[in-house]
Amino acid sequence: MTARLNTPGDTSSDAPSHAPSNAPITVPVEGATSDPTAVAAQGAAAPGGTRRLTVAQALVEFLAHQYTERDGRRHRLISACWGIFGHGNVAGIGQALLESGSAAPRGATGAPPRLPYLQGRNEQAMVHAAVGYARQCDRLSAQAVTTSIGPGATNLVTGAALATVNRLPVLLLPGDVFATRPADPVLQQLEVPFAGDVSVNDALRPVSRYFDRITRPEALIPAALQAMRVLADPVDTGAVTLALPQDVQAEAYDWPVGFFADRVWRVPRPAPDADALADAVRAVRAASRPLIVAGGGVHHSEAEEALRAFVEATGIPVASTQAGKGSLDHDHPADVGGIGHTGTATSDGLARRADLVIGVGTRYTDFTTASATLFAEPGVRFVNLNIAAFDSHKLGALALVADARAGLDALRGALAGHRVAAAYEAEYTAAKADWERRVDAAYEAPDPSAQPSQTQVLGALDAVVDASDIILNAAGSLPGDLHKLWRARSRRQYHLEYGYSCMGYEIPAAIGVRMAAPDRPVWALVGDGTYLMNPTEIVTAVQEGINITLVLIQNHGYASIGGLSQETGGERFGTDYRFRAADGTYTGAPLPVDLAANAASLGMRVLRATTVAELRTALAEARDAKAPTCVYVETKTTDTVPGAPPAQAWWDVPVAETATRPAAVAARKAYDEHAAARRRHL
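The text that follows walks through the structure, step by step, so that each part is easy to find. Predicted model only: the values in this text are computed from it and were never measured. (Residues numbered from 1 in each chain as written. Predicted model: local features only at pLDDT ≥ 70, side-chain atom pairs only at ≥ 80, totals over all residues. Heavy atoms only, no water.)

Here the focus is the side chain of His418. With respect to the helices and strands, His418 occurs in the loop between α15 (404-414) and α16 (422-443). Those residues in contact with His418, other than ones at most four positions away along the chain, are Val284, Arg285, Ala313 and Thr314. (Helix = DSSP H or I, 4+ residues; strand = E, 2+ residues; numbered from the N terminus. Contact = heavy atoms within 4.5 Å.)

Here you go:
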């Protein structure tokens, strides 16, 4: 990762752009400008080229001058800061944000705030919002999150894990206990008898790509630079944590003015090694049934057009992971849909017989590989194009370590004139057409006056949206239905967080996505289980006028885990939202919970739909709404209701090896049969 330093007054072509395309909806994030009023308020330049600021003030000023650049386009690296204040950050980061003008849309001179502030309701949700924003910005722009010490800080852990698992940048700024220890312990301090330098923030270490505790003011300089390096690096990025002791936040220091100069972190597009490229080309030319597996790296690299050009030149079909869906539009002849446990029959059938699998920007999770049972051809080989060497070498692959766009362009050039056999193209296009008929059947609702099923909800939504809409989801039964059935019409339309599959992600992430894409309709698809986990940021959307649409599907429990429980001998134990029955199980009547009323009480406009016809009307009305809106629908859950096609590939969830209940005994027998097909690719 390369950083360029622009000194004050630099007039070169590398000076920051004043109109980045990814500005949030609520506050402008143009490039840094000279605001003499704000400079005076934060401490005038002192002799010797220093400025006297607190650590918190210096950090806010530093972050305002950080940029990424790729393909000649400049972006603010940290565009805004989410925050909930407590005693661990209110007088430090909170005061610094206020003093810098972050509370106002624009400073007194008309300049944008140095680091716009956004108010959240739950610390985990703030991270989710920041992650949604970063993903929509192709990881070129991110947001910070500040919290107090104690529970505010530990609430960050789940969001940090989600960011790091998905390789998405977010800067975490939790308060910490006193570095000088004038009072020990302080409120909310965790005392560890064998280690005096441990706080609850150490829980963030394993889920952060970079972690540092700033116990002295001058330590901020190297730590802040390392933090920016990691955030901007597509190989290393994820959650970055700078733990800030509350006394150090408020401590003043004479900072070198160069620390606050505009700094540009260039995001390169490394090309593949020539020898590795030659090996990959030979493997492709030798294959008769190649298959591309497109992962999230295609989107992060903005490589969709390069992928399209490659498959149109070679005829190789493209299956997609949850993160990679939409790499090709759904109606492209070479797009064969989702792959793996939640994939289509088309892509999974091709995967079983593929003699070469070309992974592009994928981590090969167990859902993608069907727990190492999907790629079944005895002589199957792998070529993995990935910017991270760690992922490139998976499955014993020929590793092509490169940017996805650069790698695909290089492959296309080196394979000029090569194309798969016409019979293979005819095979997968016919299978694709057959699957599309199954999608039509799942979406079809012949009786508009009937209560809809979940797949009919998706069908109604499919009829309303166009290529500009963005669909968000993360957990429950919806990811499987969406991966099999959703017809992605454009890049970044399909936003599934399935690396961590975190319940409660959807609503705050939708806010972040809408900030990054203020002109695109944003839909958060949420089941009742995930809604109850984290509805708090509805208040934030209402407060800031961030126009998201929530589709709230009530099916009275954990539908996805209920189905998995049934398959693995758990008999749906503890997965329904119902009263206890006489035998002690949760099999009584559904709970009288009105989630629509709850959403309305948080300030959302709510449209209730009880039939397919009402749902279609409500979705169309919600899409045209000018304020945050919720469409609430209760779906059919009986076995006689048409739904998505069943899983087309296995997923390894171990079943009890010994049991007395018949359901578990039968499930174990089926498990052993599937597990026998597992293999290691070496």
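This part covers the sheet that holds strand β8 (residues 142-147). Here we have six strands laid out as an open sheet, ordered β7-β6-β8-β9-β11-β10, and parallel in their pairing. In this open sheet, the two edge strands, each paired with only one partner strand, are β7 (117-119) and β10 (210-213). Across this sheet, the average inter-strand angle for adjacent strands is 20°, counted without regard to direction. By the bridge criterion, five bridges tie strand β9 (residues 170-176) to strand β11 (residues 239-245) in an arrangement that is parallel. Paired with Val170 across the two strands is Ala239, which belongs to β11. Sheet strands touched by helix α6 (residues 156-165): β8, β9 and β11. Its angle to β9, the strand with the most contacts, is close to 155°. (Pairing = 2+ DSSP bridges. Axes fitted to C-alpha atoms, helices over the stretch in contact; angles between N-to-C directions.)

Glancing now at empty space enclosed by the protein. Tallied over the full model, the rule gives four cavities of 30 Å³ or more. Estimates place the volume of the largest cavity at around 130 Å³. If you go around the largest cavity, you meet 15 residues; those closest to its centre are Asp335, Val336, Gly337, Trp435 and Glu436. The set of elements that each furnish at least two residues to the lining of the largest cavity consists of β16 (335-338), α16 and α18 (478-485). Tallying contributions element by element places α16 first for the lining of the largest cavity, with four residues. A class-by-class count of the residues in the lining of the largest cavity yields five nonpolar, four polar and six charged. (1 Å grid on protein atoms, 1.4 Å probe; cavity = no way out; pocket = protein on both sides within 12 Å on 5 of 7 lines; lining within 4 Å. Points joined across faces, edges and corners; volume = space filled by probe spheres on them. Nonpolar A, V, L, I, M, F, W, Y, C, P; charged D, E, K, R; others polar.)

With that settled, consider the packing of aromatic side chains. Inspection of every chain in the model, using the stated rule, returns twelve aromatic pairs. On the numbers, 6.2 Å between centres and 90° between planes, the contact of Tyr364 with Phe382 is edge-to-face. In this pair, Tyr364 is assigned in the loop between β17 (356-360) and α13 (366-369) and Phe382 in strand β18 (residues 381-386), connecting sequence segments 18 residues apart. Classification of Tyr364 as buried rests on a relative accessible area of 9%. Overall, Phe382 belongs to the buried group, its relative accessible area being 3%. Between the aromatic rings of Tyr558 and Tyr577, the centroid separation amounts to 5.0 Å while the plane-to-plane angle is 75°, which identifies the pairing as edge-to-face. Taken together, the residues span a long stretch of sequence, with Tyr558 in the loop between β23 (549-554) and α22 (559-567) and Tyr577 in the loop between α22 and α23 (595-601) at a distance of 19 residues. For Tyr577, a relative accessible area of 18% translates into the label buried. Ring pairing ties together the aromatic residues Phe62, Tyr253, Trp255, Phe259 and Phe260, which thus form one cluster. The lysine or arginine in question, Lys325, covers the ring of Tyr494, its NZ or CZ lying 5.5 Å from the ring centre. Lying over the aromatic face of Tyr632, Arg608 brings its terminal NZ or CZ to 5.7 Å of the ring centre. (Phe/Tyr/Trp six-rings, centres within 6.5 Å; stacked < 30°, edge-to-face > 60°. Buried < 20%, exposed > 50% of the residue type's maximum accessible area, 1.4 Å probe, protein only. Lys NZ or Arg CZ within 6 Å of the ring centre and 35° of its normal.)

Relative to each other, helix α9 (residues 274-286) and α15 sit at 60°, their axes nearing to 10 Å. Compared by their axis directions, α9 and α15 come out oblique. The hand of the α9/α15 crossing is right-handed. Contact residues: α9 offers Leu277, Ala280, Val281 and Arg285, while α15 offers Ala410, Leu411 and Ala414. Looking at side-chain class alone, the contact of α9 with α15 contains six nonpolar, no polar and one charged residues. (Parallel < 35°, antiparallel > 145°, perpendicular 65-115°, else oblique. Left-handed = near helix turned anticlockwise from the far one by under 90°.)

A few words on the packing of helix α11 (residues 304-314) against α15. Closest axis-to-axis distance for the α11/α15 pair is 9 Å, and the angle between their directions is 20°. It follows from the interaxial angle that α11 and α15 lie roughly parallel. Considering only the axes of α11 and α15, their crossing is left-handed. Residue-level contacts link Ala306, Leu307, Ala309, Phe310 and Ala313 of α11 to Arg405, Leu408, Asp409, Leu411 and Arg412 of α15.

Here we take up the state of the cysteines. Following the criterion strictly, the structure yields zero disulfides and no others. Cysteine Cys137 remains unbridged, with the sulfur of Cys81 as its closest cysteine sulfur at 16 Å. For Cys137, a relative accessible area of 6% translates into the label buried. (Disulfide = S-S within 2.5 Å.)

Read these as spatial facts, not as claims about activity.
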